[in-house]
Structure formats: C-alpha cells, structure tokens
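# What the coordinates show
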Amino acid sequence: MPDPQVEVLAGTHLVARSDGVLIVVANRDDVVPTPESAVGSTLLAIQGLIADAARQEQPRSGRTFARLATTWLMGQDDESAVEFGVVTSSDTGIAVFLHGAVTAVLMSGDQHREVLRGRDAGFTVDRVVIPAPDIGAGIFVDEGDQPADLPHARGVCTLAAGAVPGSGAVLWYGEPAARPSRARKSATPDVAPPPDDELELTLAPGVPETGQTPPVPVRDRLRKSDPPPAPRHEADPPLSDPRRARTAPRNPPGAGEVIVAGYRCARRHHNDPRVSFCTVCGIRMDQLTCVLSDGVRPPLGLLMLDDATSIILDGDCVLGREPEPSDAARRGAKPVRLDDMSGGMSRTHAEIRLVDWDVTVVDCASANGTHIRQPGYQEWQRAIPGHPIVLQPGAQIQLGGRTLTFDSQRGQL
C-alpha cells in the first residue's frame, strides 16, 4: 500500500505523526501545548505505546497498540479526560482506535461513507478496516454540532513527522469525488494573498524541510501586526456537550468501589493473586513476598462488541434489548442496551457479574438463551438460567444475533 498523504486541518488541538502512525489528541484547555501540559503528556504517552507496539508486533497491524492503549487507559485516574484517535496503516488496511469525543470518517470511491464515533462507545472504538478506504480516512476532535467530514479536495501539504496544532487530519489514499457540501468549517475565513510582512508557521521539529510544505494552509498564517487573540473563558460545558457525552461510563472515583484481597507489585498496583506479571505495568510479581492485602479492585477487562465498541468491566452490568427497568439495574447493575436486528434478544437477556477477580455471565431466563464459547473450544455452551459461568479471557458470548468477546490482560500475562 502506498504511503498516504497526511493533511492537517486548522485548529487548536494536537495532530502528530509518529513512526507513520497518525495521532489526534483533544486539547480542551486554552493553553499552548507543551510536553508538561495535559495534552502534551498524553501525546508523549501515546507515542511511547506506539513504539512499544512496534517492538512487539511485526508486521504492524494495530492490534498490539489497541491492547496496550486499553491497558494504559484502564490505569488512568480519570480516563474520560483523555480524548484521542489513532490510525495505524498496514500493508493490508488500517486500524482505527478512538477514545472520547473523537470521530473517524472513512470514505470509499463508491461514495460509501462510514462514521465511527468514540463518544458513542462504552469505552473505546477498536476497528480494523481491510482493505483501507480507497479515498481517505480522517480523524476529527468533536466540536459541538460541527459535522466531521473529509474536505472536498486534497490539499498540497503533508505531515511527515512531528506535532502541529489542528482540528484533525486526513490520510489521503485517492482523490475525493464531487459530492454535496459537508465540509468541516475552517477555523479562519479565506483571505486575500498575504503581504510580505506575514509570519509563516514552521514545521514541527523533526520534519524535513526539503521537499515538504508546512502542514497548515496558507490562510492560517499569522500577521505580525495582528494583536494576540484574547483568552477565552468558557463556562463548564453542559451535560449534552459531546466532550462529556459517554455511553456506559466508568464509575466515578469512590462510587461502587469493591475491596478485594490481592497482591501488590513493586509499584503498588493491586493485582489478581493468580497472575505472574502486573496487569498495569508488566513487572514480575515475584519481586515481593506475595502477601495478600486488601485494595480497590481495578477494572477486570473489556467486553468487545461485534460493532467495534467496547464496555469496560468495572462493575456489574445487565445486557438486553431494554434492560433499564430490570431487577438487576434496580440493584445497581449498569444497563447496557444492545440493538439486535435478528429479533432474538430479550429485554433483559443476561447479566455480567464481577465476583472477586472473576468475570461471570448469568442468563436471565431469556427466550433464546445465552451461549458461551470458551477459548480453545469449538462448541457453544448454553447457560442454565440463574447459574453463573466464569469467563476465561477470549471467551465469546452470543446474545440473540450479537456476539461479545471478553478481553482481559490476565489472559496475556
């Protein structure tokens, strides 16, 4: 697959390219990004995960990065404050990873347009697209009601490496066809050709000067004579703001915490006593005397849905076509509504219960049953209603016409 052109669109967030991987990180603060700022620290952490994934996986597919990024997010004190998107190109396609209010748009030559929204996922969007869209793939930070879409025409700029401000970026594989206007609004209006006293924005450090043009349009140059913009002081965004919108959110700190006995690694991470390596930092657990101690149970993994969304397992949840009025939801389980075109999903179909360090599934007397296939087995097992079944990492759950996969670091360490 040819190396795509990476066009950066004007904005105040952070766009970067690291080892050929496109990164877009939301900057919700009215500050210039620095390595010490929140957005700068997030970018450096993501670049480190990309480098780790490259050492572990060849050829690159994006799957290792998705696993490392999920583990990193689960270790954050407030993962909802971290919003980013990553597109990894491979020889056969692309891998898209989104978290928070970030949107990806995939455009193919037959005018097929697919939109992936991070804010609509229970935790993350993790999608592998084979083959890659033959026109392009864009990542955009959500800004109110402004639609995310690819520009009508390719620009002349490309980002080879480094980081620059932007609202998003597009990986161009082909020429966009003529279509109705959906273009993303420019951050600045079109202006006449600039006079000689304008200050050119320069490339980020590490971008070759020869044969490259700056990754920002000419119209976004800054006049030396223009006064600096006044700082904005926005009120807290309303609950309907996309930067706060979240399906199946994590429990806030202190709410619904469960204390369990476990081992702490040398860096004080609380772990399942059965693991040999820390599920957060990866160091061996035999560095300590392995004395059991009580601590707050961390998330036990993810449920990966067949539409590339995921649900973080930090508490009990109830799944079904309409699980909100269920007894489980009234007891405090998190209701997760699943759409099912097959008609085989019950209103309250199954529960996911966390018992100590185990993840179990319980059928709620559903009409068509809950079926489980543990890793290494070909046969599906029908759950007896009301009887919990412990899920092993990699186990699949079939509810009506939907298939969910349990993913946990315990199965990888």
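Only a predicted model underlies this, so the values are computations on that prediction, with no experimental measurement involved.

## What about the overall build of the protein?
Broken down by element type, the protein carries three helices and 25 strands. Within the protein, buried positions represent 47% of all 413 residues. Across the protein, every contact between residues at least 6 apart in sequence was considered, and the portion connecting residues at least 24 apart equals 61%. Here the protein has roughly 20500 Å² of accessible surface; of this, 52% comes from carbon and sulfur atoms.

## Here's the deal with the sheet that holds strand E21 (residues 370-373)
One open sheet accounts for six strands, arranged E16-E15-E25-E24-E21-E22; its pairing is antiparallel. Edge strands, defined here as strands with exactly one partner in the open sheet, are strand E16 (310-312) and strand E22 (381-382). Sheet topology note: the strand E24 (residues 396-399)/strand E25 (residues 402-407) ladder contains four bridges and is antiparallel. Following the sheet pairing, Leu-399 is matched in E25 by Arg-402.

## Notes on the sheet that holds strand E13 (residues 270-271)
Reading across the sheet, the three strands line up as E13-E12-E14 and stay open at both edges, with antiparallel pairing between neighbours. At either margin of the open sheet sits one strand with a lone partner, and together these are E13 and strand E14 (293-296). Sheet analysis places strand E12 (residues 259-264) next to E13, joined by two bridges and oriented antiparallel. Along E13, the bridge assignment pairs Arg-264 with His-270.

## Quick word on the pairing of E12
Strand direction decides the pairing type here: E12 and E14, joined by four bridges, are antiparallel. From the neighbouring strand, Val-260 faces E14, where its bridge partner is Gly-295. The loop that links E12 with its antiparallel partner E13 comprises five residues; one of these, Arg-268, has a positive phi angle of about 75 degrees.

## Examining the confidence of the model for the protein
Of the residues in the protein, 77% have a pLDDT of 70 or more, and the chain-wide mean is 79. Residue range residues 181-255 is modelled with pLDDT below 50. Its contacts to residues more than four positions away, or to other chains, number 103 contacts.

## Considering helix H1 (residues 38-56)
Think of an α-helix as 3.6 residues a turn; residues three or four steps apart then line up on the same face. Spanning 19 residues, H1 covers 27 Å between terminal C-alpha atoms, matching the ideal 27 Å at 1.5 Å per step. Among all positions in H1, only Val-39, Gly-40, Thr-42, Leu-43, Ile-46, Leu-49, Ile-50, Ala-53 and Ala-54 are buried. Among the structural elements, strand E1 (5-18), strand E2 (21-25), helix H2 (63-74), strand E3 (84-89) and strand E9 (162-172) are those in contact with the buried residues of H1.

## A closer look at the nonpolar core
If you look at the biggest cluster of nonpolar residues, it comprises 27 residues, and the most contacted ones within it are Val-15, Ile-94, Val-96 and Leu-98. Looking at this core, the elements that each hand over two or more residues are E1, E2, strand E4 (94-99), strand E5 (102-107), strand E7 (125-129), strand E8 (136-141) and E9. Those residues in contact with Val-96, other than ones at most four positions away along the chain, are Val-86, Val-87, Ala-104, Leu-106, Leu-116, Val-125, Asp-126 and Arg-127.

## Structural notes on the environment of Arg-373
By secondary structure assignment, the location of Arg-373 is in strand E21. For the pair Arg-373 and Ala-395, spaced 22 residues apart in sequence, the C-alpha to C-alpha distance is 5.7 Å. A distance of 2.7 Å separates polar atoms of two side chains, one belonging to Arg-373 and the other to Gln-396.

Conventions and cut-offs
Residue numbers here run from 1 along each chain, matching the order of that chain's written sequence. Totals for whole chains, interfaces and linings use all residues, but because this is a predicted model, local features are given only for residues with pLDDT of at least 70 and pairs of side-chain atoms are given and counted only at 80 or more. Only hydrogens and water are set aside when side-chain values are computed; all heavy atoms of the structure are taken into account. By the criteria applied, helices consist of DSSP H or I runs no shorter than four residues and strands consist of E runs no shorter than two, each listed in order from the N terminus. With a 1.4 Å probe rolled over the protein chains alone, any residue whose accessible area is under 20% of its type maximum counts as buried; one over 50% counts as exposed, and the rest are partly exposed. Should any heavy atoms of two residues lie within 4.5 Å, those residues are considered in contact. Accessible areas in this description were obtained via Shrake-Rupley with a 1.4 Å probe; residue shielding takes into account the shown protein chains only. For two strands to be treated as a pair, DSSP must find at least two bridges joining them. Summary of the metric used: pLDDT quantifies the predictor's per-residue confidence within the range 0 to 100. Expected span of a helix: the number of residues minus one, times 1.5 Å. Put simply, a nonpolar core is a bunch of buried Ala, Val, Leu, Ile, Met, Phe, Trp, Tyr and Cys residues held in one set by side-chain atoms that sit within 4.5 Å of each other. A 3.5 Å cut-off defines polar contacts: any pair of N or O atoms within that distance qualifies, except that in protein one atom must be a possible hydrogen donor and the other a possible acceptor, and neighbouring residues in sequence count only when both atoms are side-chain atoms.

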